[in-house]
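# Tertiary structure, described
Here's the letter readout for the chains.
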Amino acid sequence: MSIKNDKINEECGIFGGFCKQGNIAPYIKCGLLKLQHRGQEAAGVCCGDNKQNVVKNSGLVNFALDNSVLKNLEGNFGIGHVRYSTFGDDRKENIQPLKVTYMGEDVSLAHNGNVSQAKNIREKFERIGEVFLSSSDSEVILKRLIFSLKKKPSLWTFEEVAKCLEDNFSLGAYCILLYLPNRVMAFRDTFGYRPLMFANCSEGYFVASEDVAFYGLDVNEIIEIMPAQGIEITKDGYEIKTFSKDNNICQCVFEQIYFSSSASNIFSQNVYNTRIKLGEMLFKSEDNNFSADVAIPVMDSGLGCAIGYSQASKIPFHLGLVRNNWMERSFIQPKQEKRSLNVKQKFIPIKSVIQGKRVVLIDDSLVRGTTSKEIIKMLWQCGAKEVHMRSVSPKIVNTCIWGVDIPTKEELISYKKTDEQIAKQIGATSVKFLPQEALLDVFTGNVWCTKCFKEDENEIFLP
Ligand code: SF4
C-alpha cells in the first residue's frame, strides 16, 4: 500500500493566542486570511474564555468565517486553522479546530503536520471500543492527550502535554495549538519540519505558522519557536520552553521554495531572498551557451526565482503570465481532474511578451507536470519560438510522509526519467532542474529535509 493511501496528509496554517483588547476572533480571521495560501478547503475558529465556541466551514476564510457569524464569538483566547486535505477526505468532521468537552471543561486543538504513528494509535483505541468522529490525525492526538493525562484540562501542564506528544508522536511532523481554559499552548516537534512563529504585540500574544500572519499588528517582537520548543500563553504573559534535548532538526525546504508567503521569514531566512538565490543558482547551473529572450515566472512562488534568474543571466524578466488570483492553487487541490481544469483557468498569457521569443519559464518545482504542460501549451499557442522549462528545486523522486501532498513515485514526472524524456512529456524545448549540490549552497547547514529528492525509499522513513 502506498504511503498516500492509508493516510491523510496536510499542509495547513494555524493562528491563535490571547488578545488584550477584547475578542480575539477578528484577529484570528485576519491572521488566517494571511495564511490562506497554506490551505483553501476549509477554515475554523474556536474562541471563548472558559466556554469555547467553534465556527468552522468549508471554503476560503472570507466565506467560511463570515463576519455576521464571527461577531457572536466572544473571548480573549482562541485558535484558528486553514485546512488543506490531500486525500479527498474533505468531510466537515475533519475541519479544525477540533473541540471536545472532558470532565466538564472544553479543550480544542489545531494542527499543521502529519504524525506517522496516528494510524497505529487509532487502531489501538478502536480495539478497546473507542470511536472517532473524524479521520484526521488531530482527533487521535487529542484523544491520546486525554487518555494520558486523565484530569481536567485546566490542570494539564505544558510539560505533561509535551511529554505525551513526544512519547506518542515523536516520529511525526507537528505544529500544534492547544486551547485550554484561559490558556493557549503551542508545540513544534523536535525535527521542526513545519515553521511556528510567535509575536509579542501591543494587541496581545499570538502564534502562527508564518510571521506574515502578524502583519498589521503593532508588533514589539517576533520570535521563531524552535524545534522541540513550545510556548504557554496566559493573560499575564507568555513563556517559551524547550521540552526535549533531541536535536534532529530537519526543516522542509519546500516551506521556503513553495509553501510559505514570499513576505515571510521562517527557519531564520527570508523566503523572498531564498527564492532570489535559488534563481541565481539555477542560472549558474546552465550550460555556457544557453540563451533566451525573456525569463517568465510561474506565479506566485516562481516570481522571486525568476527575478534571481534574470538578474544573474541578464535575460530580461517579464510577467508573461497573469495569475487569476480568484482561483485556488493547483498543487493545493486534492483531485487530479480539478487540478488540470484549474491550470487552464488560473493563468492568462500576455501574447505580446511571448510571441516570437525564446522563453525560459521558471517554476518552483515540477511535481506531476500538470501545470507545466498546460502552461507550455499556452506559450506555444501564443507564438513562442522556444520554451525552456526550469525548476529551482531538484527532481522530486520520492513521496513525503510529513504532511506534504506529493503523489506516489509513479505519478511524479521526474521519477526514473531523464531531462529529455520530461521535456518531451510536457512539450518543452528543454528542461533543467537545480542540481542537488547547488540547492545545498542555498540551504546550508545540516538542518534541512531534502528526502523527496532521493530515490532510496528507506531514506524517507528515517529522519
Ligand atoms: S520529504 Fe520533501 S516535502 Fe516532505 S518534509 Fe522533506 S523536503 Fe519537505
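Note that the structure is a prediction, hence the values are computed from the model and not measured.

Interfaces are frequently sized by the accessible area removed from exposure as the parts join. One can read the domain layout of the chain as domain 1 (4-249) and domain 2 (254-461). Placing a centre on the C-alpha atoms of domain 1 and another on those of domain 2 gives a separation of 31 Å.

Counted residue by residue, strand β8 (residues 183-188) has six buried out of six residues, so it is predominantly covered. Two elements, strand β7 (residues 173-180) and β8, share six bridges in a ladder whose sense is antiparallel. Its bridge partner being in β8, Tyr-179 is matched across the sheet by Val-184. The antiparallel hairpin formed by β7 and β8 contains two residues in its connecting segment, where Asn-182 sits at a positive phi of about 60 degrees. The sheet contact formed by β8 and strand β12 (residues 229-234) spans four bridges and is antiparallel. Its bridge partner being in β12, Ala-186 is matched across the sheet by Ile-231.

Another point: the site of the ligand. Neighbouring the ligand are the residues Tyr-193, Arg-194, Cys-252, Val-253, Phe-254, Cys-400, Val-404, Ile-406, Cys-449 and Cys-452. Here the shell around the ligand is built from residues that sort into nine nonpolar, no polar and one charged.

Here we come to unusual backbone geometry. In this structure, the amide linkage connecting Gln-96 to the following residue, Pro-97, adopts the cis form with an omega of 5 degrees. Cis peptide bonds are those with omega within 30 degrees of zero, and the linkage from Met-299 to Asp-300 qualifies with 0 degrees. Locating Asp-300 in the fold gives a position in the loop between β17 (294-297) and α9 (302-313). Residue Asn-182 is not a glycine yet carries a positive backbone phi of 60 degrees. Relative to the helices and strands, Asn-182 is located in the loop between β7 and β8. Since its relative accessible area comes to 34%, Asn-182 is described here as partly exposed. Positive phi outside glycine occurs at Lys-314, with the angle close to 70 degrees. Turning to its location among the elements, Lys-314 is positioned in the loop between α9 and β18 (321-323).

Relative orientation of the contacting elements helix α4 (residues 118-127) and helix α5 (residues 137-149) amounts to 60 degrees, with a least axis distance of 10 Å. Relative to α5, α4 is oriented oblique. Between α4 and α5 the crossing geometry is left-handed. Within the contact between the two elements, α4 uses Ala-118, Ile-121, Arg-122 and Phe-125 and α5 uses Asp-137, Val-140, Lys-143, Arg-144 and Phe-147. Here the residues of the contact of α4 with α5 are counted per class, giving five nonpolar, no polar and four charged.

Attention now goes to the sheet that holds strand β21 (residues 386-391). Here four strands make up an open sheet; going across it, the order is β17-β20-β21-β22 and the pairing parallel. In this open sheet, the two strands that pair with only one neighbour each are β17 and β22 (430-433). Geometrically, the sheet is characterised by an average inter-axis angle of 20 degrees between neighbouring strands, direction not taken into account. Across the face of the sheet, α9 comes into contact with β17, β20 (358-363) and β21 while running at roughly 160 degrees to β17.

The next subject is the side chain of Gln-96. Residue placement: Gln-96 occurs in the loop between β4 (77-83) and β5 (98-102). By relative accessible area, which is 1% here, Gln-96 ends up buried. Within polar-contact distance, the side chain of Gln-96 engages the side chain of Ser-138 at 2.8 Å.

Quick look at a nonpolar patch on the surface now. A cluster of nonpolar side chains, contributed by Leu-319, Val-322 and Ile-348, occupies part of the molecular surface with about 220 Å² of accessible area. Residue position: Leu-319 is located in the loop between α9 and β18. Of the residues examined, Leu-319 reaches a relative accessible area of 35% and is grouped as partly exposed.

This brings us to the packing of aromatic side chains. Enumeration over the complete set of coordinates arrives at 17 aromatic pairs. For the ring pair Phe-18 and Phe-77, a centre distance of 4.7 Å and an interplane angle of 40 degrees mean the geometry is tilted. Remark: Phe-77 occurs in strand β4 and Phe-18 occurs in strand β1 (residues 13-19); sequence separation between them is 59 residues. For Phe-18, a relative accessible area of 7% corresponds to the buried category. In this structure Phe-77 comes out as buried when scored by relative accessible area, which is 2%.

Calculation criteria
Residues numbered from 1 in each chain as written. Predicted model: local features only at pLDDT ≥ 70, side-chain atom pairs only at ≥ 80, totals over all residues. Heavy atoms only, no water. Domains from an automatic or database assignment. Buried < 20%, exposed > 50% of the residue type's maximum accessible area, 1.4 Å probe, protein only. Helix = DSSP H or I, 4+ residues; strand = E, 2+ residues; numbered from the N terminus. Pairing = 2+ DSSP bridges. Near = heavy atom within 4 Å. Nonpolar A, V, L, I, M, F, W, Y, C, P; charged D, E, K, R; others polar. Axes fitted to C-alpha atoms, helices over the stretch in contact; angles between N-to-C directions. Parallel < 35°, antiparallel > 145°, perpendicular 65-115°, else oblique. Left-handed = near helix turned anticlockwise from the far one by under 90°. Contact = heavy atoms within 4.5 Å. Polar contact = N/O pair within 3.5 Å; in protein donor to acceptor, adjacent residues only side chain to side chain. Patch = residues over 30% accessible without salt bridge, like charges linked within 9 Å, V, L, I, M, F, W, Y side chains within 5 Å. Areas by Shrake-Rupley, 256 points an atom, 1.4 Å probe, with all protein chains shown as cover. Salt bridge = Lys/Arg side-chain N within 4 Å of Asp/Glu carboxyl O. Phe/Tyr/Trp six-rings, centres within 6.5 Å; stacked < 30°, edge-to-face > 60°.

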